[in-house]
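# Examining the three-dimensional arrangement
So you can see what is in the structure, the chains are spelled out below.
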Amino acid sequence: MHSSGEAPAVIVSSAVRKFADTPGGLLPLLHEIQAGLGFIPSDSVVTIASGMGLSRAEVHGVISFYHDFRDKPGGQKTIHVCRAEACQAVGSRQLEAHVKTRLGVDYGETTVDGRFTLEPVYCLGNCACGPSVRIADDVFARVDADRFDELLGDI
Amino acid sequence: MVKIYIPADTTACALGADKVAAEVALQAQKRGLDVELKRNGSRGAFWLEPLLEIESGEDRFAFGPVYPGDVAGLLDAGLHESSEHPLFLGRVTDIEWLSRQDRLTFSRAGVIDPLSLDEYRREGGYEGLDKALAMTAGEIVEAVTDSGLRGRGGAAFPTGIKWRTVLNTPSDQKYVTANADEGDSGTFADRLLMEADPFQLIEGMTICALAVDATQGYIYLRSEYPKALQVLNQAIAIAEAANLLGSDICGSGRDFHLQIRVGAGAYICGEETSMLESLEGKRGLVRFKPPLPAIEGLFGEPTVVNNVLTLAAVSTVLAKGAAYYQDYGSGRSRGTLSVQLSGNIRRGGLVEIPFGASLRELVEDFGGGTASGRPVRAIQVGGPLGAYLPESQWDTPLDYEAFTDVGAMLGHGGVVVFDDNVDMLEQARFAMEFCAVESCGKCTPCRIGSVRGVELIDKIGKNDGRSANLELLEALCETMDVGSLCAMGGLTPMPVRSALKHFPGDFERGTGNGIER
Ligand SMILES: Cc1cc2nc3c(=O)[nH]c(=O)nc-3n(C[C@H](O)[C@H](O)[C@H](O)COP(=O)(O)O)c2cc1C
Ligand code: SF4
Ligand code: FES
């Protein structure tokens, strides 16, 4: 999601300026870029590295270590399906299969219409009322196949 | 005017609380009813969410679970304390599931407006800090030591001893960090607390800062908790404006600055040294210990790393005294345990009780058995690295040592219930798969072993070289157990071995002896 109208280079350089002096500021910096652009463009690594006094390898290493950061654009919204145990106990394995078929994608992929990127998540803290699904910043409880289809229809 | 409470908690909203609130506002307006709508946190009785409460004098009365479609009917029937509506639950404090708990840490959750300092204070908040401000650092540490409080993040290390080490390590800059990574599946207590009673965490961290002479704090919050982030951000701003955070706190001459750092979806960053690396802006690679974080932690300086619930409990310890806290519990497990009943459970949610109750009591009495109505078959306690317990072990008291004795662990208090549809081979496989996905990659037994583990279990599932592969799997578990740098690789064998030991039939697929699915 490219939520602000600004040019990517502007977003990157202003984020770098904002966090250059923050101790351990690389994570908040990357979050800020991803919030603005939807991903962290590979050509921004040079700017980030020089602004933060790090090597390009270090910046790249951090981006690839964390599941949240993506280096390619995703869909308009990310759908996270909880794969962890408490949700498994109430049928998340079946839900997971349904979601993949319904969206026609596997984890890490974006639907052909560009609306959704599907990602796994390991617990959303909604474990008493699973299966849990997060769409953008909203969490949904007791999601079975029908409920999932209904949610998609509502978006 | 009717005062109505509807939680803004993640689970309540996941069940439709926002829609219920909107519907209440709309229907009230239609009827010309004068209502004041308050958004509280949740009391943690998630099986009753969305829980709608009305205030009447000193009391609150509840209806639940209330879905948007119920609202019009509720208003027509009248929202009052002698309602005969089928969703009427009576006086909230009389709901047995809640009244049977001993709530110390969660006493305010769902009761107060999470962002009202006045309400927080009215319910005993900041009494602990007031006392701590009149004590020396050593006295605070002593109170925490005497309370018997042990870390709630999983390892159950005595909190007072950790703080003493930081206090006694000289440095111009020390840090207090709250581990709010809460990655264990089946757990939500940290989240619930941060959303329902955020000042308690802030107060606990401030007391900790006074106790160890720290001036800077960080809350390391997982990115999966956007609501908690919102609430904490606001709470910190409110505390700063009230001079409860920042420079010269309450005119004491002491400074404590607090910031939130958001994780980025890595389970391993809940491990304390990985968390510190992440706070430093690096990959979350686990550090070798020693040095302990208490001596060389964040940016190489002495650092307290404590779980959210540990820090929250400190405000109770200071407010009510070490003896009061110490009085609850069993054996060397003192105080209360915040159990999170989850998975296939009829009455799931947060149950805070003194250590010592049995798992069976929790799952049967509080939990009411499975949501599916089928028999309980296995209970996983303590997150993804915790054991699966068969019925023969359900009488084990909830106590750190008692759990260790049966080859299990309490961890952060997650209790995940499975009915008899569970396939324990699949669960063992998932434990290995999860380790493969979330390993930080620093050591081989964990990084490679987990991938091998998945392969072996797949072969066993296909009855391919079964007995040889079972032996290899056990050898692999042993290697991971003894050869891993941290508990990620070291404890992944725990769920696997417990599944093998207690549910061997599930590993005999295709042999004609096992359970076929
Ligand atoms: C793989 C792994 C994940 C962990 N995740 C968490 C976590 O999410 N939250 C937490 O408080 N502790 C977690 N811990 C435990 C921490 O390393 C550490 O013991 C704890 O934060 C110390 O605080 P406490 O003494 O208050 O429990 C984890 C440990 C391991 C090995
Ligand atoms: S056991 Fe796993 S997570 Fe822990 S240090 Fe080794 S590779 Fe990293
Ligand atoms: S295990 Fe799915 S929300 Fe916690």
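See above for the structure.
Residues numbered from 1 in each chain as written. Chains lettered and ligands numbered in written order. Predicted model: local features only at pLDDT ≥ 70, side-chain atom pairs only at ≥ 80, totals over all residues. Heavy atoms only, no water.

The next subject is the packing of helix α8 (residues 159–168) of chain B against helix α10 (residues 198–212) of chain B. Geometrically, a packed helix pair is captured by the angle between its two axes and the distance between the axes. Residue and element names in this part refer to chain B. Remark: α8 packs on α10, axes separated minimally by 8 Å, with the N-to-C direction vectors making an angle of 50°. Of the possible angle classes, the one that applies to α8 and α10 is oblique. Of the residues in α10, those touching α8 at W163, V166 and L167 are C208, A211 and V212. Residue classes in the contact of α8 with α10 are distributed as six nonpolar, no polar and no charged. (Axes fitted to C-alpha atoms, helices over the stretch in contact; angles between N-to-C directions. Helix = DSSP H or I, 4+ residues; strand = E, 2+ residues; numbered from the N terminus. Parallel < 35°, antiparallel > 145°, perpendicular 65-115°, else oblique. Contact = heavy atoms within 4.5 Å. Nonpolar A, V, L, I, M, F, W, Y, C, P; charged D, E, K, R; others polar.)

If you look at the interface, chain A gives 37 residues, while chain B gives 56 residues. Between chain A and chain B, the buried area comes to about 3,600 Å², and carbon and sulfur atoms account for 56% of it. Per-residue buried area on chain A facing chain B is highest for A:F65, A:E85 and A:Y122; these three make up 18% of the total on that side. Linking chain A to chain B there are two salt bridges. A:R83 is paired through a salt bridge with B:E433; the nearest N and O atoms lie 3.0 Å apart. Viewed at the interface, chain B and chain A are joined by 26 residue pairs in polar contact (both at pLDDT 80 or more). By residue number, the principal contributor to the side of chain A that touches chain B is helix α2 (residues 26–37) of chain A, which donates four residues. (Buried area = accessible area lost by both parts, 1.4 Å probe. Salt bridge = Lys/Arg side-chain N within 4 Å of Asp/Glu carboxyl O. Polar contact = N/O pair within 3.5 Å; in protein donor to acceptor, adjacent residues only side chain to side chain.)

We now examine the nonpolar core. If you look at the biggest cluster of nonpolar residues, it comprises 185 residues, and the most contacted ones within it are A:I48, A:Y66, B:W163, B:L201, B:I219 and B:L398. At 10 residues, α10(B) tops the list of elements feeding residues into this core. In contact with A:I48, other than residues within four places in its own chain, are A:V12, A:V16, A:L26, A:L29, A:L30, A:I33, A:I40 and A:V59. Judged by nonpolar contacts, the second largest core, of 20 residues, contains B:I4, B:A17, B:V24 and B:L74. (Core = buried A, V, L, I, M, F, W, Y, C linked by side-chain atoms within 4.5 Å. Buried < 20%, exposed > 50% of the residue type's maximum accessible area, 1.4 Å probe, protein only.)

This next bit is on the site of ligand 2. Residues in contact with ligand 2 amount to 13 residues; listed here are only the nearest, B:C440, B:K442, B:C443, B:C446 and B:C486. Class assignment for the residues of the shell around ligand 2 results in eight nonpolar, four polar and one charged. (Near = heavy atom within 4 Å.)

Residue and element names in this part refer to chain B. If you check the shell around ligand 1, you find 20 residues, and the closest are G153, E272, N306, N307 and T310. One of the side-chain N or O atoms of N306 is found 2.8 Å from an oxygen atom in ligand 1. Out of a free accessible area of 600 Å², ligand 1 has 91% covered by protein chains. Broken down by element, the residue count for the shell around ligand 1 peaks at three residues, all from strand β9 (residues 303–307). Its residues placed into classes, the shell around ligand 1 shows six nonpolar, eight polar and six charged. (Areas by Shrake-Rupley, 256 points an atom, 1.4 Å probe, with all protein chains shown as cover.)

For the rest of this paragraph, the subject is the pattern of salt bridges. When charged atoms on two side chains of opposite charge get close, those side chains can pair. Summed over the entire model, instances satisfying the criterion amount to 45 salt bridges over all chains. A salt bridge links A:K18 to A:E32, with the shortest nitrogen-to-oxygen separation between them at 3.0 Å. Residue A:K18 is found in helix α1 (residues 8–19), and its partner A:E32 is found in helix α2; the two are separated by 14 residues along the sequence. Looking at A:E32, the relative accessible area reads 31%, which means it is partly exposed. Note that B:R452 and B:E455 form a salt bridge whose closest N and O atoms lie 3.3 Å from each other.

All names here are of chain A. Contact geometry for α1 and helix α3 (residues 45–52): axes closest at 10 Å, N-to-C directions at 20°. Of the possible angle classes, the one that applies to α1 and α3 is roughly parallel. By crossing handedness, the relation of α1 to α3 is classed as right-handed. Touching V12, V16 and F19 of α1 are T47, I48, G51 and M52, all from α3. Partitioning the contact of α1 with α3 into residue classes produces five nonpolar, two polar and no charged. (Left-handed = near helix turned anticlockwise from the far one by under 90°.)

A word on unusual backbone geometry. The amide bond that connects B:E49 to the next residue, B:P50, takes the cis arrangement and shows omega of -10°. Residue placement: B:P50 occurs in the loop between β2 (35–38) and β3 (52–56). The step from B:G64 to B:P65 runs through a cis peptide bond, and the omega angle for that step is -10°. Mapped onto the fold, B:P65 is located in the loop between β4 (59–63) and α3 (71–77). Positive phi is not limited to glycine here, since A:R142 has a value of about 45°. Following the sequence through the fold, A:R142 ends up in the loop between β4 (138–140) and α7 (145–154). If you check the backbone angles, B:D248 has positive phi at about 50° while not being a glycine. For B:D248, a relative accessible area of 36% corresponds to the partly exposed category.

Take the sheet that holds strand β7 (residues 216–221) of chain B next. Residues and elements named next belong to chain B. The four strands are arranged β8-β7-β6-β9 in an open sheet whose pairing can be described as parallel. Whereas interior strands pair on both sides, the edge strands pair on one side only; in this sheet they are β8 (257–262) and β9. Adjacent strand axes in the sheet meet at a mean angle of 20°, parallel and antiparallel pairs treated alike. Note that β7 and β8 share six bridges and pair parallel. Bridge assignment links Y220 to a residue of β8, and that residue is R261. Helix-sheet contacts for helix α11 (residues 226–241) involve β7 and β8, and the interaxial angle to β8 is about 165°. (Pairing = 2+ DSSP bridges.)

One can find B:S223 in the loop between β7 and α11. Sequence-distant contacts of B:S223, that is, excluding residues within four places in its chain, are made with A:D68, A:R134, B:V262, B:G263, B:A264 and B:G265.

The next thing to look at is helix α12 (residues 272–279) of chain B. In terms of residue burial, α12(B) counts as a mostly covered element, since eight of its eight residues are buried. For α12(B), every residue scored as buried is listed here: B:E272, B:T273, B:S274, B:M275, B:L276, B:E277, B:S278 and B:L279. Along its buried surface, α12(B) packs onto α2 of chain A together with α8, β6 (175–180), β7, β8 and β9 of chain B. Downstream of α12(B) by a residue or two, B:G281 has a phi angle that is positive, lying close to 90°.

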